[in-house]
Amino acid sequence: PSTNLDDWNNGDKKIAALQGSTAAELIKKDFPKAQLVEFPDQSAAFLEVASGRADDLVVESYLADQFIASNPDQVEKVATSEPLHIEYGSWATQKGNTALVDYLNSWLCTAQNDGFLAQAYQTEEGGELPPMPQTC
């Protein structure tokens, strides 16, 4: 696969993504000329690329790593100079449960400030933690 992202933005390219995902929205925004092919589950999107029916897939790095480990020689990660996009997960709590929200926010700040998040990311993802918003 090309590491030049401009090569992805053409009508001959089929780029797979999870249906309704932020990855699908990213493809629409950053590669509007490409053909977006959406799938109801991530495995089907990976298989579309592995079988050659799609050219590329936009997916979280850790999911790509898991698929590649389980299916060697089927797909490969494109070595771009920067991630396509960085997103942060969120917690959802029952409306009005301020005690849990306060606890989670406190834990997150502690884990971010004491280096736990960076170490966990290094252990699980094998890379440096992307810049995180400073909310603490």
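Preceding this section is the structure that the text describes.
Basis of the calculations
- Residues numbered from 1 in each chain as written.
- Predicted model: local features only at pLDDT ≥ 70, side-chain atom pairs only at ≥ 80, totals over all residues.
- Heavy atoms only, no water.
- Pairing = 2+ DSSP bridges.
- Helix = DSSP H or I, 4+ residues; strand = E, 2+ residues; numbered from the N terminus.
- Contact = heavy atoms within 4.5 Å.
- Axes fitted to C-alpha atoms, helices over the stretch in contact; angles between N-to-C directions.
- Right-handed = clockwise from strand over helix to strand, strands pointing away.
- Core = buried A, V, L, I, M, F, W, Y, C linked by side-chain atoms within 4.5 Å.
- Buried < 20%, exposed > 50% of the residue type's maximum accessible area, 1.4 Å probe, protein only.
- Phe/Tyr/Trp six-rings, centres within 6.5 Å; stacked < 30°, edge-to-face > 60°.

Participant: Explain the sheet that holds strand E1 (residues 14–18) to me, using residue names and the numbers behind them.
Facilitator: As summarised here, the arrangement of the three strands in space is E2-E1-E3, forming an open sheet in which the pairing is parallel. Both edges of this open sheet fall to strand E2 (35–39) and strand E3 (56–57), since each of them pairs with a single strand only. Relative to E2, E1 is paired through five bridges, and the arrangement is parallel. The residue of E2 that forms the bridge with alanine 16 is valine 37. Each of E1 and E2 is contacted by helix H1 (residues 22–30), which is oriented at about 150° to E1, the strand it contacts most.

Participant: Before we move on, could you go through the pairing of E1 and cite the residues and values that matter?
Facilitator: Handedness of the crossover is the feature at issue here: the chain leaves E1, passes through H1, returns alongside E2, and the resulting connection is right-handed. Taken together, the two bridges between E1 and E3 define a ladder with parallel strand orientation. Along E3, the bridge assignment pairs alanine 16 with leucine 57.

Participant: Requested: an account of the nonpolar core, with residues and values cited.
Facilitator: If you look at the biggest cluster of nonpolar residues, it comprises 12 residues: Ala16, Phe39, Ala45, Phe46, Val49, Ala54, Leu57, Val59, Leu63, Ala64, Phe67 and Val75. When near neighbours in sequence (up to four residues on either side) are disregarded, phenylalanine 67 contacts Phe46, Leu47, Gln74 and Val75. Counting residues in each nonpolar core, the second largest holds 10 residues, with Ile15, Ala17, Ile27 and Val58 among its members.

Participant: Any details on unusual backbone geometry? Residues and values, ideally.
Facilitator: Backbone geometry at aspartate 73 places phi at a positive 70°, although glycine is not the residue there. With respect to the helices and strands, the residue aspartate 73 is situated in the loop between helix H3 (61–70) and helix H4 (98–113). When its relative accessible area of 79% is taken as the criterion, aspartate 73 is described as exposed.

Participant: Which residues make up the packing of aromatic side chains, and what values go with them?
Facilitator: With the rule as written, the count across this model stands at four aromatic pairs. Ring geometry for tryptophan 107 and phenylalanine 116: centres 6.1 Å apart, planes at 75°, overall edge-to-face. Given the relative accessible area of 35%, tryptophan 107 is considered partly exposed. Through a chain of ring-to-ring contacts, three or more aromatic side chains come together here, namely Trp91, Trp107 and Phe116.

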